[in-house]
Every structure is written in C-alpha cells, then in structure tokens.
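Secondary and tertiary structure notes
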Amino acid sequence: MLYGQKKRNRFFARRRQAYRAMDVTCKLYERLSVASDPMGLYNFRPSVRPVPLEVHIAGFPGKHYCPRMATMNRPTFQAIRQHSPAQPALVFVSSRRQTRLTALDLIAFLAGEDNPKQWMHMSEQEMDQIIGSINDPNLKLTLAFGIGMHHAGLQERDRKTVEELFVNQKIQVLIATATLAWGVNFPAHLVVIKGTEYFDGKVKRYVDMPITDILQMMGRAGRPQFDNQGMAVVLVHDVKKNFYKKFLYEPFPVESSLLAVLPDHLNAEIVAGSIQNRQQALDYLTWTYFFRRLLKNPSYYGLETLDAADVNHYLSGLVEKSLKTLEDAFCVTFEEDERGVLPTSMGRISSYYYLSHMTMLHLRNNLSPTLSWQQLLDVMCKVHEYSQLPVRHNEDILNGNLAKECPLPVDQLTLDSPHTKAFLLLQAYFSRIPMPCTDYNTDLKSVLDQAIRILQAMIDVSAEQGWLATTLRLQQLMQSVVQGRWLKDSPLTTLPHLSPALMRLFRRHRKWAMLPALLRIRYKGLVAILSAQLTEAEIEQIYKVLQDLPDIRMSVALRGSWKDAGSDEEEKVLDKTDLASGECVLSSRTSLVAGQEYTLCVKFAKLNPSKERKAHAPRFSKPTEPGWFLTLGSIEQKELIAMKRVPPISSRCTHQLTFTAPQVPGRAQLALYLMSDTYLGLDQQYTLDFDISC
C-alpha cells in the first residue's frame, strides 16, 4: 500500500522540530524563573488606561434567559441616550437571534422619540442606495434607523457594508456577537454588554462567557486617537452581579485543557517517534503547561497532595489510561514486554489528518466492504469531529422541516443531534435545497471544511483493509462533496448554468452526452446545442470551464522479472493507445510470475494544458486543486491491491504503482482506476489481463 510515505516523513520531521523548539522555550522559561526574582501578574485599574474607562454593572432578575434579555433592551437604549447620545456605541449580545431582537426593540423605542432616525448620520437618499444592495431583510430595516447588525450569519458583502458604515460614523449603533470583539478594531465611545451568557450546544444549556471575553469587549470602548474617555455598561443576571464586581479586574489563572485531548496528543508523539515507551510518555507530560499548573493548583485537576509519590502516581495513571484508550481505539499497540509502544496504521492516519482517536474507533467499527454510497455518507456524518457542530435553541424544529425535503430519511428522535444536522446539511447541499436560515449556511461551511480530511482518512482506512468497492465509493463521495451533487446526477450539471432540465438537450445529441466527450466539443457545436435555452455569454462561460477541465490520456507499462526475459528486469509496454474516454480493456496479455513484485508505470499526458490551477467547484467552501487516485484492484476477488494519490497533472508525468502478483497460477484480471478527487464523470477504468505462472 502506497500512501505518500516521503510526504509523511517530512510532516513528522517538521512536527518534531516544532516540539524541540517548544522544549527550548520551556527550558529558557524555567531558567528565567529560577534566576530572577519571583514574577507576578499585575492588574491595572481602568482609570490608568491611556483612555480612562468608566464601568457600570447592572443586575437583572429572572430565571429564564430570553425574558431576562428582553428586560435589558430598554436599559440598553437608555445607556446609549445617556452616555453616548451622538457618538459610536457597540452593543454585544450572545447570539445572532439576539442581534435581531435587540435591534427591533431599539427601533421601537426610537419610534417614541422626536427624531426616530437620530442615529443615522447621512442623508436618507444615500442610505436608500446602500439598503438596495443589502441582502438580509432585517438589516435593511435596521440600517434605515442608523442601527447595524454584525454576525457570522450575514453574507460577507453585507458585513463589509455594515463595518464601513460604522467605522465612518454613518450609523451610530452596531449590535454584534462576541466574535467581533477579537481581531477587529472598531472604536466606540460606549460598549454595552447585554448579557454574559451564551448557549452551549454541547451541554444544551446557557453557560457564562469567559472573563477574558468580557474584558475584550469592554476594551473596545474609548480607543486611543479616537476618544478621551470610554464608557462600558455590563448587564448581567442579578445573582452574578457581585461576582463580576469582585472579579472583573482581578486576574484569573489560565488553566490547562490538555487532559480532555491527552490521548490524541500522545498518539501524535508516538507516531512522530518521540514517545516509544511509558517512561517517555511520562517525561513528555512534565514538559507541558499542564504539569506546571498541576503543581500550582493541584485540586483543580483532582490531585490531593503535592507529595512526590502522589504526583508520580497521578501522572502514571494519566499515561496508563490514555495509552489504554489509544489501544482500545486500535491506534497503538504494545510490544511483547508491555513496555514499548508502537503506532498502528490507524494511529498514523489519525495523526496525519488531525482526527480524534474516537473517530478512528468509529471508522473501525462501522466501515465494511459492502457499504453503499448512502451508508458511507451516514458513517462520515457520525464522526467525532461533527459532534462540535452547534445545534441552537429550537433548531430541532428546523431540522425536522429540512428532513421532509431531503431524500434520505433520518431518525426523528435525533433531530437535536449535531450528527443528524450534518447529515441534513450535506443532503440539502447536494440537492440545492435553500437553507432554513442564514446560520445553516455558516454551519454548512464548517461541515465542508472538515469533510475532505475525514473522507481522506476513511479512504485510507478502507484501502488498508483492502476493500476495493468501499474505497471507490468513498472516492466518489469526495467528488460529490466538492461538486455539491448527488452521485446519480448528471456530471454535466456541475457546469455553470446547466440545470437538470437542460439535460434533454444533450440527450438529443448523444455524442456529447458524457463529460469526457464534451471536453473536445468545439464552441460552435456547443452553441448549436444550447443556443435555444441559454444566452451567448452563458455559453461562453460553459465553454471556458470545459477548456479548463483536465483531459487526461494514459499509457501503461509493466516493470518486473519475466521467465522469458534475458535480464533480471525489463519493462513491457501494455498499451500505447488513447485511453482517455470511458471504460477500456488493455489489449496486451502478459505472463507474470506468481508472488513476484511488479511495478506499473503509468504515464499521464494532459491534452488541454491550462494555466488555471484551481478546480471548478463554485459551491465548495474553499478553493481546491484537482488531484487523482490511482487504484489497482482484483475484479474477481473484489480486493484492493495498491493505491496512490496523484497530485494535479499539469502536462506530462509518470507515476509508479507497485504490487505483488497473485499467488495462485491461472488467469488474473485486474482493474486499474483513475479516480478524480474533485470532478464527477471524469473517472477512467482499465482492465488488465494477466497469466500467472509458477
């Protein structure tokens, strides 16, 4: 099995180098700590900032979150009127839904004022032109009153427009989610933090925001060069008011989160070779930030005393538990003496693709040689990585409505599951079903961003087991994910402007009904087919995409030892004909020696060299380059023999695929597949007939 070993060796070498650099940093820190006086963490009052900050904290009663947020809307309006009547004001809320509800309530309060549009600092004619280019209907309404909304559910163009209006002080109030507090410099005179809780989909309840996030939001008020003083108003649950008064400016220690992911960290080090036994795993822990915090705050991590024996017992238990977890997930194995630990192929795949050991256990237990394309999609959506997908309040209802439109059924009892949501999002993506809300577009992007590395790992696991059919179906699933189409859809629908309804035009011209043949069509021929339904500009776009699609020709030669050869090794050319369209049988019949190792030399030639390196995948979440899978399998045994990834083919290149001839004498029929990892309909299959002799 060939998996690009050189590339992985370079990857692990870079990782070891990074960890060595981290070790040097830790040693330097330790020397400084010993050599110098004890260091402390200093906290400064807001009055000594370059721009002094005045902070007001107000508490609000109410057990339930949503009614409590509603009671904060009038105090928010009053805070803006009192502290920032004509200067920029930022209002931070916990969710995208709250941005909308808060903005609508502020508009209702403005309606009772003498000048309802006092927060809009530009002419209504200019604002009307800007509103005409906005897509979000709620944002259109709020901008007319000088109130902007900013969250990840907005289209990028809408977000940029709001940002420019607020920075240039054309609108006075911006209501945003907490993510705006990090990395974006939006100066404001007043910051209102409307609630300090957010809904955590993993625990399905509202939890407190980190203190660091609260401080970051407050820090947006009163920026140097823009203001002489800043104001911050923090609206909290009344039972937590004293907590925020006491601890808002007192430093909290930063604790380690290593324990939650310790097995995956150890697995990466075992694969890299820096951990080879239990003692080295224990030594690795002593170099971590977790170990330093353990000695400073042992009770936080469940350690009772700092006695050397207790610390050693505690760390040894962590190592033993983590290694046992990895062994149960088939990521590591122990040597006969039970001291040395070795990585398995599952562990290497997990480390290489940055996947959890729980994902590898899931793939081990659920992948099989007979799964259908739909079943593989279900397995993919149930990996651990998708457990972090947010399922917000009442989204189980939206999932239920979306499930009625999707072709593949889901369990109605799991509509609040992130895995079910991922399954529905991908179905809607393949079917081009409109998302029920803008949040789902963001969630779909998150699903697609992780899908490729998950599928790559699934292909590696399947190939390692020698499952030919499952490996090929997974490669086809990857094509569907990149192109946003079901496998049963015509590959021509991946071209721009070609809907399923237009496929009847190509059925009348059967010569061009397949994508490989359509690559060679002339522009006039394409016009003759489509001119009745599409404009000339649309046809030109289709033709340009066709010119950039890879048109690959292959020729195959076999290198190895032969009984009738005069030398130990020579190369035999199996075929030199054009094999670039459809399924083909190579004409040459060659005798192989049973059990002997041979190498297929596959020469690629791209018939339409194009300067365009990126694949045509307009619906995928990010640009990608078209690669290939070269797969060799036994047709009779339905077994995968060898597989290799082929990088994008720019002109001419040669790749080798090494395999072992079958042990049983007789006739052997092998299949060579060239599968795209990007495009539907450009796959090639060739049948190789061999005579196996002793």
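Criteria and cut-off values
- Residues numbered from 1 in each chain as written.
- Predicted model: local features only at pLDDT ≥ 70, side-chain atom pairs only at ≥ 80, totals over all residues.
- Heavy atoms only, no water.
- Helix = DSSP H or I, 4+ residues; strand = E, 2+ residues; numbered from the N terminus.
- Buried < 20%, exposed > 50% of the residue type's maximum accessible area, 1.4 Å probe, protein only.
- Contact = heavy atoms within 4.5 Å.
- Axes fitted to C-alpha atoms, helices over the stretch in contact; angles between N-to-C directions.
- Left-handed = near helix turned anticlockwise from the far one by under 90°.
- Nonpolar A, V, L, I, M, F, W, Y, C, P; charged D, E, K, R; others polar.
- Pairing = 2+ DSSP bridges.
- Core = buried A, V, L, I, M, F, W, Y, C linked by side-chain atoms within 4.5 Å.
- pLDDT = per-residue confidence, 0-100.
- Patch = residues over 30% accessible without salt bridge, like charges linked within 9 Å, V, L, I, M, F, W, Y side chains within 5 Å.
- Areas by Shrake-Rupley, 256 points an atom, 1.4 Å probe, with all protein chains shown as cover.
- Salt bridge = Lys/Arg side-chain N within 4 Å of Asp/Glu carboxyl O.
- Lys, Arg positive; Asp, Glu negative; His and termini not counted.
- Charge placed at Lys NZ, Arg CZ, Asp CG, Glu CD.
- 1 Å grid on protein atoms, 1.4 Å probe; cavity = no way out; pocket = protein on both sides within 12 Å on 5 of 7 lines; lining within 4 Å.
- Points joined across faces, edges and corners; volume = space filled by probe spheres on them.

1. With respect to the environment of Ser-350
The residue Ser-350 is located in helix 14 (residues 345-352) in this model. Judged by relative accessible area, Ser-350 falls into the buried class, the value being 2%. Sequence separation of Ser-350 and Cys-331 is 19 residues, and the distance between their C-alpha atoms is 7.8 Å. Sequence-distant contacts of Ser-350, that is, excluding residues within four places in its chain, are made with Asn-267, Leu-355, Ser-356, His-357 and Met-360.

2. Some words on the packing of helix 10 (residues 262-272) against helix 11 (residues 278-286)
Look at helix 10 against helix 11: their axes get within 11 Å of each other, and the N-to-C directions meet at 115°. The hand of the helix 10/helix 11 crossing is right-handed. On the side of helix 10, the interface is formed by Leu-262, His-265, Leu-266 and Glu-269, while helix 11 contributes Ala-281, Tyr-284 and Leu-285. For the contact of helix 10 with helix 11, the residue count by class is five nonpolar, one polar and one charged.

3. Focus: the pairing of strand 8 (residues 230-237)
For strand 8, the tally of buried residues reaches eight of eight residues, placing the bulk of the element in the interior. Sheet topology places strand 1 (residues 53-60) next to strand 8; eight bridges connect them, and they run parallel. Within strand 8, the residue paired with Phe-60 across the bridge is His-237. As paired elements, strand 5 (residues 190-194) and strand 8 share five bridges and run parallel to each other. Residue pairing in the sheet places Lys-194 in a bridge with Leu-235 of strand 8.

4. Looking at the nonpolar core
Burial of nonpolar side chains together is a common tendency in soluble globular proteins. Leu-315, Leu-377 and Met-380 are the most contacted members of the largest nonpolar core, which has 89 residues in total. Of the residues forming this core, the biggest block, 12 residues, is contributed by helix 19 (residues 438-465). Leave out the neighbours within four places in its chain, and Leu-315 touches Leu-282, Leu-285, Phe-290, Phe-291 and Leu-294.

5. Section: the confidence of the model for the chain
Summing up the model confidence of the chain, the mean pLDDT is 85 and the portion of residues at 70 or higher is 87%. Predicted confidence for residues 15-38 stays below pLDDT 50, and this span has 13 contacts to residues more than four positions away or in other chains. Segment residues 576-585 is flagged for pLDDT under 50; beyond a separation of four residues in sequence, or across chains, it makes 22 contacts in the model.

6. Things to note about a negative patch on the surface
Where like charges cluster on the molecular surface, the negative patch consists of Glu-327, Glu-335, Glu-336, Asp-337 and Glu-338. You can see Glu-335 is positioned in the loop between strand 9 (332-334) and strand 10 (341-343).

7. Remarks on the layout of surface pockets
Its boundaries defined by the atoms lining it, the largest pocket holds a volume of some 1,400 Å³. Along the walls of the largest pocket sit 49 residues, with Ser-94, Ser-95, Arg-96, Arg-392 and Asp-439 positioned nearest its centre. Contributing elements (two or more residues each) for the lining of the largest pocket: helix 2 (65-71), helix 4 (96-110), strand 6 (197-200), helix 17 (395-405) and helix 19. With seven residues, the top contributor of residues to the lining of the largest pocket is helix 19. Broken down by class, the residue content of the lining of the largest pocket amounts to 19 nonpolar, 17 polar and 13 charged.

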